[in-house]
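Chain and residue survey
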Amino acid sequence: MVNFPQQICNWINGQEIPSQKGAWFTKLNPCNGQILSQVARSQAEDVAIAVEVARKQQVAWSEIPPVKRGEILHDLVLGLKARQEEIAQIVAAETGKSYASALGETQGAIALGLFYASEGQRLYGRTTTSAVPHKHALTVRQPLGVAGLIIAANTPIANVAWKVFPALICGNTAVLKAAEDTPITAWIFGQIAQAAGLPPGVLNIIQGYGEEAGAPLVAHPDIDVISFTGSTAVGRKIQAVAGPSLKRISLELGGKNPLVVCDDADLDNAVKWTVLSAFSNAGQRCAAGSRIIIFESIYDQFRDLLLEKTKQLKVGPKDSDDLGPVINNRQLQQMLSAIATAKAKGAKILIGGDRLTDSEHKDGYYLAPTLLENISPEAEISQTELFGPIAILYSVSDFNSALALANNSPYGLTASIHTKNLHRAIRFCEKVQAGVAVVNGGTYGSEPHMPFGGFKQSGNGTREPGTEALDVYSELKDIYINIDPNFV
Ligand code: NAD
């Protein structure tokens, strides 16, 4: 097992610094409830120091040409690559996911870093025409200043990379508030960044709880852009706090994603993708498929196949397991309570529904993969994200009812349809209210070079990553140059 400090500090100005008050919180291993580390419990004063340092470094960082900034970020990517096994071990230990899946996530973070490091050679503006003779019109991208980055714990190294690389390539410095459930991943990223030669103070990492360390970052007057990945409830609070200051906000929020199985679907393929969509990463994916909408003519057949496949899933932290624990006991209890409420209102539990209490699992936060049916689309459990291995099955009569049900949600992040009918597939992609639409696959996030984000309450309209993230982290400036041919 990789070594990491007993005490995980903040990274401020290239130094590991405990919180000003000297307070700590405990990070537990979700597989067995044992202590992994003590973590700096930062407050507003720690955030203020980090923001001040980031502000001081911003001009110097922004004056490094973007191509050179890209080279520095490329060195950071090489550092991540050289230590990918260590990173994956930390991700696995903190989240309870298997090493293989943590390594895959780490490699995704590396791919994203490579994409943005190269973006230093592009950062394109536009040149265009003018209505006025001898006037030239062009646009350039400029940094905003200091970026406040706040992330969720579900895919910790990907979430760090997703924010840090685009923020820095655009010439901003940053203060990252790590997720309290995955502090060590953020810590090792900070260490690798220092070792790779990222100038001190360009990336500062604050550990702590949301209300104590995240909220002061959002409210800080010297932060120019907040980019947040997390729940819709917290996104709403951030919008309310940051709104009056008019600082830019990018919100990447939750989902309750539909996967439609039509009567002409390849059922084996649909079952495979339903299981992956609902249960991979223990359902802790904003893109998870948690509403499975099935044509009534194949409902029983599909449900039986799905149940059979779900029964075979292995739960645990090993590479041979299919899903691990959820991140903490609080989230586990919320899921159990939502299932109990639905059951009391008539929901049928097809499989799962309980915490695993056998000797192998009893100390971890393991929920059995859960499938429910006989639930109204209007019920609270249908309309609320649970962020765990829980999916609900609904029966519909035809395509139009399936589409209407898919869109009957406050969220609009991802959606998938399984059909061999081109007309249905394209109509679904046109009409489904989601930032990502998939045909004959899972409800999944985007590749690093593609924009990801949601309709409705899944976000506020921004898209990260892809080149679209550059719009989050930079200002566009028009430049007009008038020349006089008489002076040639
Ligand atoms: P969360 O909203 O509880 O916490 C996310 C982060 O916000 C944490 O770092 C937390 O400390 C911080 N935070 C909490 N309260 C805050 C406040 N008042 N001010 C500032 N920061 C605060 O979410 P979670 O349970 O950690 O993560 C799961 C959620 O994240 C799900 O809703 C999931 O769908 C969403 N998510 C979205 C995406 C996306 O790209 N759309 C990706 C991953 C996860």
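Just above, that's the structure.
Residues numbered from 1 in each chain as written. Predicted model: local features only at pLDDT ≥ 70, side-chain atom pairs only at ≥ 80, totals over all residues. Heavy atoms only, no water.

1. Regarding the overall build of the protein
Counting its regular elements, the protein contains 15 helices and 22 strands. In terms of C-alpha radius of gyration, the protein reaches 24 Å, essentially the compact-globule figure of 23 Å for 488 residues. If one aligns the C-alpha atoms of the protein with their principal axes, the spans along those axes are about 80 × 60 × 40 Å. Looking at the protein as shown, the accessible area adds up to about 19,800 Å², and 53% of this sits on carbon and sulfur atoms. (Helix = DSSP H or I, 4+ residues; strand = E, 2+ residues; numbered from the N terminus. Rg over C-alpha atoms; globule rule 2.2 N^0.38 Å. Areas by Shrake-Rupley, 256 points an atom, 1.4 Å probe, with all protein chains shown as cover.)

2. Considering the side chain of T443
Tracing the backbone shows T443 in the loop between β20 (436-439) and β21 (455-456). Given a relative accessible area of 0%, T443 falls into the buried group. Among the polar contacts listed, one links the side chain of T443 to the backbone oxygen of A287, at a separation of 2.7 Å. Apart from the residues within four sequence positions on either side, T443 is in contact with N257, P258, L259, S277, R285, A287, A288, G289, T414, A415 and S416. (Buried < 20%, exposed > 50% of the residue type's maximum accessible area, 1.4 Å probe, protein only. Polar contact = N/O pair within 3.5 Å; in protein donor to acceptor, adjacent residues only side chain to side chain. Contact = heavy atoms within 4.5 Å.)

3. Quick word on the environment of G108
Within the secondary structure, G108 is located in helix α4 (residues 99-119). The partly exposed category is assigned to G108, whose relative accessible area is 32%. Between the C-alpha atom of G108 and that of S37, which follows or precedes it by 71 residues, the distance is 26 Å.

4. Side note on the pattern of salt bridges
Overall, the coordinates contain 24 salt bridges when judged by the stated rule. With its nearest N and O atoms 2.8 Å apart, the salt bridge here joins K237 to E211. Residue K237 is found in helix α8 (residues 232-242), and its partner E211 is found in helix α7 (residues 210-219); the two are separated by 26 residues along the sequence. The partly exposed category is assigned to K237, whose relative accessible area is 46%. A residue is classified by how much of its surface remains accessible, and E211, at 56% relative accessible area, is exposed. Between E430 and R427 there is a salt bridge, with the nearest N and O atoms lying 3.6 Å from each other. (Salt bridge = Lys/Arg side-chain N within 4 Å of Asp/Glu carboxyl O.)

5. Concerning the sheet that holds strand β15 (residues 348-351)
Spatially, β15-β16-β17-β14-β13-β19-β20 is the arrangement adopted by the seven strands of the open sheet, whose pairing is mixed. Bordering the open sheet on either side are β15 and β20, each of which pairs with just one other strand. Taking each pair of neighbouring strands and ignoring which way they run, the sheet shows an average axis angle of 25°. Note that strand β13 (residues 257-261) and strand β14 (residues 289-295) share five bridges and pair parallel. The residue bridging V261 from the neighbouring strand is I294, located in β14. (Pairing = 2+ DSSP bridges. Axes fitted to C-alpha atoms, helices over the stretch in contact; angles between N-to-C directions.)

6. Re the pairing of strand β9 (residues 173-177)
Within β9, five of the five residues are buried, which leaves the element mostly enclosed by the surrounding structure. Residue alternation in β9 divides its side chains into two sets, T173, V175 and K177 and A174 and L176, and both sets are buried. For strand β8 (residues 146-150) and β9, the ladder comprises five bridges, and the chain directions are parallel. Each residue of the ladder has a partner; that of L149, found in β9, is L176. On the question of chirality, the crossover connecting β8 to the parallel β9 by way of helix α5 (residues 156-169) is right-handed. Direction of pairing for β9 relative to strand β10 (residues 203-206): parallel, over a ladder of four bridges. Residue V175 lies in a different strand from β10, and its bridge partner there is N204. Taking the sense of rotation as the criterion, the β-α-β connection linking β9, helix α6 (residues 183-195) and β10 turns out right-handed. (Right-handed = clockwise from strand over helix to strand, strands pointing away.)

7. Some remarks on empty space enclosed by the protein
Tallying each qualifying case throughout the model produces two cavities of 30 Å³ or more. Around the largest cavity, the lining residues are G255, K256, N257, G283, R285, A288, S290, E385, L386, F387, G388 and I390. Split by residue class, the lining of the largest cavity holds four nonpolar, five polar and three charged. Around the second largest cavity, the lining comprises 15 residues; the ones closest to its centre are P258, A406, Y411, G412 and Q433. Those elements that provide at least two residues to the lining of the second largest cavity are β13, α13 (399-407), β18 (411-412) and β19 (414-418). Within the lining of the second largest cavity, the residues separate by chemical class into seven nonpolar, five polar and three charged. (1 Å grid on protein atoms, 1.4 Å probe; cavity = no way out; pocket = protein on both sides within 12 Å on 5 of 7 lines; lining within 4 Å. Points joined across faces, edges and corners; volume = space filled by probe spheres on them. Nonpolar A, V, L, I, M, F, W, Y, C, P; charged D, E, K, R; others polar.)

8. Quick word on helix α10 (residues 299-311)
Side chains three or four residues apart in an α-helix point the same way, a direct result of the helix having 3.6 residues per turn. A rise of 1.5 Å per residue sets the reference length of α10, with its 13 residues, at 18 Å; its end C-alpha atoms lie 18 Å apart and thus fit the reference within 8%. Listed in full, the buried residues belonging to α10 are Y299, F302, R303, L306, L307 and T310. For α10, the angular spread of the buried residues around the axis is 135°, confining them to a single face. (Expected span 1.5 Å × (residues − 1). Arc of directions from axis to C-beta.)

9. Describing the environment of T173
Within the fold, T173 resides in strand β9. Separated by 173 residues in the primary sequence, T173 and G346 place their C-alpha atoms 52 Å from one another. Apart from the residues within four sequence positions on either side, T173 is in contact with A54, R55, Q57, Q58, W61, G145, V146, A147, L168, G201 and V202.

10. Some details on the environment of A93
Within the secondary structure, A93 is located in helix α3 (residues 84-95). For the pair A93 and L393, spaced 300 residues apart in sequence, the C-alpha to C-alpha distance is 32 Å. Those residues in contact with A93, other than ones at most four positions away along the chain, are M1, N29, P30 and L36.

Everything listed is a geometric property; what it means functionally is a separate question.
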